[in-house]
Amino acid sequence: PDMKFLSIPMDVGVARAAAEALLEKRGAGRYSLGVLCLCGFGWMSDGAENVVLSYMLPTLEDLWSLSPGQLGAMSTAIYFGQAAGATFWGALADAGGRRPVFLLSLALTVLFGVASSAAPGFYTYCMLRLATGFAIGGNLPLAVSLASELLPPSLRDRGVVALQLFNEIGSLGSTGLAALLLPGRWRLYLCLVALPAAAVLAAAAFALPESPLWLISAGRGGEAAQVLASISAGGSGVTRLLPRSRTLASADAQSRIVAARGGGDGCDGDGTVGLPPARDDRADRARRPRLAIGCPHRLRGA
């Protein structure tokens, strides 16, 4: 049967509440586990890279006959890179989106981490580890942002706390590799420590969606609708987003949100929520159907 819709003046808070309700309806399951694991491997990468310094300092001190000042400079470079990275990646993710910035930080973590294993000397090594620290400075905060915006609201607190477990696993794994490979095979050690970032990069490129909450806050409600439709249908939320000119994301279209009648939280019993098409003249708009997320029925023109 046809369904009637109630047009509500658009407010970012209303749109976010509707999106939250759809995520909550998705509940625990394969989708939530996938998001947790992908974000968790980002933390695992951070944990593995963070303990590298502790084991590489004595190794390189003997290998390159480093002075105390050089050892201090090595430590400073790595931690400075992480601090700068945390600031930079957070601001970039607010402007450009959670998903692409998270993937970029992972890619650079792998690139500079593996490159540092080929460093011919102290200064090159310091520069490459500074760049690695800069890259991993984005992994941890962006993983938290993605988990807190993609997991169902009732699971977020436990999910974010569970990320710490991945961090500890990464630290323990890196420690085990150090015990097996150092000091003789330190170059192989650095390559293996970059594996968690490489693994999550490969998986997240196909299975980690953009945050619909970020899309809404950025005025890209049409794209948020596509992501939420995929999640509501049992998918991962990863969609091929249409060009903005072809979505419901025009500034004018953002002025209204459509929610199924009967749902005080912005959704009906089936988790249906949507945005109207871009507005034309009044007569044309009356003939065009509304878009509903997760609604299999043909919709009546508004």
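As a starting point, this report considers the structure included with it.

## A few points about the overall build of the protein chain
Thought 1: A count of helices and strands for the protein chain gives 12 helices and three strands.
Thought 2: Counting only residues that meet the buried cut, the protein chain has 48% of its 302 residues in that class.
Thought 3: Pairs at least 24 apart in sequence give 73% of the contacts found in the protein chain among residues at least 6 apart.

## Quick notes on the pattern of salt bridges
Thought 1: Taken as a whole, this structure holds five salt bridges when the rule is applied.
Thought 2: Linking Arg-156 and Glu-20 is a salt bridge whose minimum nitrogen-to-oxygen distance equals 2.7 Å. You can see Arg-156 sitting in helix H7 (residues 153-181) and its partner Glu-20 sitting in helix H1 (residues 12-26), a full 136 residues away along the chain. As far as burial versus exposure is concerned, Arg-156 and Glu-20 are alike and both buried.
Thought 3: Measuring nitrogen to oxygen at the nearest pair gives 3.0 Å for the salt bridge that ties Glu-149 to Arg-98. You can see Glu-149 sitting in helix H6 (residues 122-150) and its partner Arg-98 sitting in helix H5 (residues 98-116), a full 51 residues away along the chain. As far as burial versus exposure is concerned, Glu-149 and Arg-98 are alike and both buried.
Thought 4: If you follow the salt bridges from partner to partner, you end up with Asp-94, Arg-98 and Glu-149 in one network.

Rules of the game
Residues numbered from 1 in each chain as written. Predicted model: local features only at pLDDT ≥ 70, side-chain atom pairs only at ≥ 80, totals over all residues. Heavy atoms only, no water. Helix = DSSP H or I, 4+ residues; strand = E, 2+ residues; numbered from the N terminus. Buried < 20%, exposed > 50% of the residue type's maximum accessible area, 1.4 Å probe, protein only. Contact = heavy atoms within 4.5 Å. Salt bridge = Lys/Arg side-chain N within 4 Å of Asp/Glu carboxyl O.

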